[in-house]
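Chain by chain, the residues:
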Amino acid sequence: MSKAVVTVVGQDKPGIIAAVAGNLSKHHINILDVSQTIMQNIFTMSMLVNLETLDEQFNALQDELNQLGAELGVTIHTQREEIFETMSRVSTQDQLF
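Residues numbered from 1 in each chain as written. Predicted model: local features only at pLDDT ≥ 70, side-chain atom pairs only at ≥ 80, totals over all residues. Heavy atoms only, no water.

Asker: Would you mind going over the overall build of the chain in detail, with residue names and values included?
Answerer: Helix and strand counts for the chain come out as three helices and four strands. Listing each helix as α and each strand as β along the chain from the N terminus yields β-α-β-β-α-β-α. Of the roughly 6,000 Å² that the chain leaves accessible, carbon and sulfur atoms contribute 52%. (Helix = DSSP H or I, 4+ residues; strand = E, 2+ residues; numbered from the N terminus. Areas by Shrake-Rupley, 256 points an atom, 1.4 Å probe, with all protein chains shown as cover.)

In structure tokens form, the structure reads like this:
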């Protein structure tokens, strides 16, 4: 399964989760897990999403979510799961030496 992690950070306001989830739904992307918290009025959220049904290029999705973030006044980063797997392998290899 091809997955991505979507992170959102910014000033808390109503509708952030709904806007991001609605955008993902528009592209037939299923949210597998979500975690969010508010720390001193700063909203933070991480979503694990399934990209198997992505109906466009990943870079186009990133650009669209970045634009949504700008409209909402938050920062949205979208990263493929593979980057985390690679970082884990590099970190594990470093520990071996």
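Asker: Any details on the pairing of strand S3 (residues 42-50)? Residues and values, ideally.
Answerer: The sheet contact formed by strand S1 (residues 3-11) and S3 spans nine bridges and is antiparallel. Across the sheet, residue Val-9 finds its bridge partner in S3, namely Thr-44. Sheet topology places strand S2 (residues 30-39) next to S3; nine bridges connect them, and they run antiparallel. The residue bridging Ile-38 from the neighbouring strand is Phe-43, located in S3. (Pairing = 2+ DSSP bridges.)

Asker: Tell me what's going on with the environment of Asn-50, and back it up with residues and numbers.
Answerer: Of note, Asn-50 is situated in strand S3. A relative accessible area of 12% places Asn-50 in the buried class. Separated by 19 residues in the primary sequence, Asn-50 and Ile-31 have C-alpha atoms spaced 6.4 Å apart. Here the side chain of Asn-50 touches Glu-52 through a polar contact of 2.8 Å, landing on its backbone nitrogen. (Buried < 20%, exposed > 50% of the residue type's maximum accessible area, 1.4 Å probe, protein only. Polar contact = N/O pair within 3.5 Å; in protein donor to acceptor, adjacent residues only side chain to side chain.)

Asker: Before we move on, can you summarise the packing of aromatic side chains with the specific residues and values?
Answerer: Within the structure shown, the criterion is met by zero aromatic pairs. One cation-aromatic arrangement involves Arg-80 over Phe-58; the distance from NZ or CZ to the ring centre is 4.2 Å. (Phe/Tyr/Trp six-rings, centres within 6.5 Å; stacked < 30°, edge-to-face > 60°. Lys NZ or Arg CZ within 6 Å of the ring centre and 35° of its normal.)

Asker: Describe in detail unusual backbone geometry, supporting the description with residues and values.
Answerer: Within the chain, His-28 stands out as a residue other than glycine whose phi angle is a positive 60°. Judged by relative accessible area, His-28 falls into the exposed class, the value being 54%.

Asker: Please give an account of the pattern of salt bridges that cites residues and values.
Answerer: Where charged atoms from two side chains of opposite charge approach closely, those side chains can pair. Overall, the coordinates contain two salt bridges when judged by the stated rule. Put simply, Glu-64 and Lys-26 hold a salt bridge, and the shortest N to O gap is 2.7 Å. Here Glu-64 is found in helix H2 (residues 58-72), whereas its partner Lys-26 is found in helix H1 (residues 16-26), with 38 residues between them in sequence. Taking relative accessible area as the criterion, Lys-26 reaches 51% and is therefore assigned exposed. (Salt bridge = Lys/Arg side-chain N within 4 Å of Asp/Glu carboxyl O.)

Asker: Residues and numbers for the packing of H1 against H2, please.
Answerer: The contact between H1 and H2 brings their axes to 11 Å, and the two run at 155°. Judged by the inter-axis angle, H1 sits roughly antiparallel to H2. Where H1 crosses over H2, the handedness of that crossing is right-handed. Contact residues: Ala-19, Val-20, Asn-23, Leu-24 and Lys-26 in H1; Leu-61, Glu-64, Leu-65, Leu-68 and Leu-72 in H2. Split by residue class, the contact of H1 with H2 holds seven nonpolar, one polar and two charged. (Axes fitted to C-alpha atoms, helices over the stretch in contact; angles between N-to-C directions. Parallel < 35°, antiparallel > 145°, perpendicular 65-115°, else oblique. Left-handed = near helix turned anticlockwise from the far one by under 90°. Contact = heavy atoms within 4.5 Å. Nonpolar A, V, L, I, M, F, W, Y, C, P; charged D, E, K, R; others polar.)

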